[in-house]
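# Architecture at a glance
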Amino acid sequence: MFDAGSGLHPAGLALRAEGITDVNLFFSHCHYDHIVGFPYFKPFYNSSNDVAIWSGHLSGTMTTRQMLREFMSPPWFPVPLEVCCAKMATRDFMPGDALDVHPGLTIRTGMLNHPGNAIGYRLDWEGKSLAIITDTEHEPGNTDNNVLDLIRDVDLFLYDAMFTEEEMSLYRGYGHSSWQEAIRLAKLAGARNVGFIHHAPSRSDDELDDIEKQAKSQFSGAFAAMDGQIIEL
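What counts and what doesn't
- Residues numbered from 1 in each chain as written.
- Predicted model: local features only at pLDDT ≥ 70, side-chain atom pairs only at ≥ 80, totals over all residues.
- Heavy atoms only, no water.
- Helix = DSSP H or I, 4+ residues; strand = E, 2+ residues; numbered from the N terminus.
- Rg over C-alpha atoms; globule rule 2.2 N^0.38 Å.
- Contact = heavy atoms within 4.5 Å.
- Areas by Shrake-Rupley, 256 points an atom, 1.4 Å probe, with all protein chains shown as cover.
- Lys, Arg positive; Asp, Glu negative; His and termini not counted.
- Charge placed at Lys NZ, Arg CZ, Asp CG, Glu CD.
- Pairing = 2+ DSSP bridges.
- Right-handed = clockwise from strand over helix to strand, strands pointing away.
- Axes fitted to C-alpha atoms, helices over the stretch in contact; angles between N-to-C directions.
- Salt bridge = Lys/Arg side-chain N within 4 Å of Asp/Glu carboxyl O.
- Buried < 20%, exposed > 50% of the residue type's maximum accessible area, 1.4 Å probe, protein only.

### Some thoughts on the overall build of the protein chain
Secondary structure summary: the protein chain contains 5 helices and 10 strands in total. In terms of C-alpha radius of gyration, the protein chain reaches 18 Å, essentially the compact-globule figure of 17 Å for 233 residues. In the protein chain, of all internal contacts separated by at least 6 residues, the share reaching a separation of at least 24 is 63%. Here the protein chain has roughly 11900 Å² of accessible surface; of this, 52% comes from carbon and sulfur atoms. Separation between the mean location of the 17 positive side-chain charges and that of the 32 negative ones in the protein chain comes to 4 Å.

Spelled out as structure tokens, the structure:
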């Protein structure tokens, strides 16, 4: 699982219903919109569960366990991390590391361009590949080689498309990118499909439909990802 936004609560209920007791959770970074669901993840509160939590964006400044304790501490949350009775392991890594998680599964990482840092991930499993690239900001005229390395020849990458290219000049330094940059990267990297994620909160469904229509005219494998979407590779 990747990040701990509001979807983490229903995800925890779904895992419990399926009898899954072994979970790995990977953080891209720890801004509020990526951690707000963390204290409400049911598997944390079952002593028969094994949970490993990974982070690398604060490498050298804060460990994963220190970060989690910051999430769950008064006055922001009424009980501390120690209330979680699952067997919880924390895993620190350096950006650029390959992570040893499961036999046959390759997970590579890379630093992204975001205030306070963020980590991009690429997963390769049984001949299929997925990259998750959020939150990051592109620089006009330049290609981020960390991103390019993670998405090269990938089956699907999910990319931060919070803004349009026309809006980017108003939001330089916010740490987000555009759907136009996603398509440029997809073509450059030989990616098969690209899904736009991290939509601007003010963006309407009709606007996202229009973005998707424009994007598909330029790259047939482009789409605007939606809440609850399931994608089979």
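Alright, that's what it looks like, and here's the rest.
### Some details on the pairing of strand β7 (residues 128-133)
Alignment of strand β6 (residues 118-125) against β7, held across 5 bridges, turns out to be antiparallel. Opposite aspartate 124, over in β7, you have serine 129 as the bridge partner. Note: β7 against strand β8 (residues 156-160), 4 bridges, orientation parallel. Paired with leucine 130 across the strands is leucine 156, a residue of β8. A crossover links β7 with its parallel partner β8, the connecting element being helix α3 (residues 145-151), and its sense is right-handed.

### A few points about the sheet that holds strand β3 (residues 87-92)
The strand order across the open sheet built from 3 strands is β1-β2-β3, with neighbouring strands paired in parallel fashion. A strand with exactly one partner marks an edge of an open sheet, and here the two such strands are β1 (22-26) and β3. Ignoring strand direction, the axes of neighbouring strands in this sheet form an average angle of 15 degrees. The pairing of strand β2 (residues 50-55) with β3 spans 6 bridges and is parallel. Bridging from a neighbouring strand, valine 51 pairs with methionine 88 of β3.

### Comments concerning the pattern of salt bridges
Within the structure shown, the criterion is met by 7 salt bridges. Residues glutamate 181 and arginine 184 are paired through a salt bridge, measuring 3.0 Å at the closest nitrogen-oxygen approach. Residue glutamate 181 and its partner arginine 184 are located together in helix α4 (residues 179-189), separated by 3 residues, close to a single helical turn. Judged by relative accessible area, which is 6%, glutamate 181 ranks as buried. Judged by relative accessible area, arginine 184 falls into the partly exposed class, the value being 34%.

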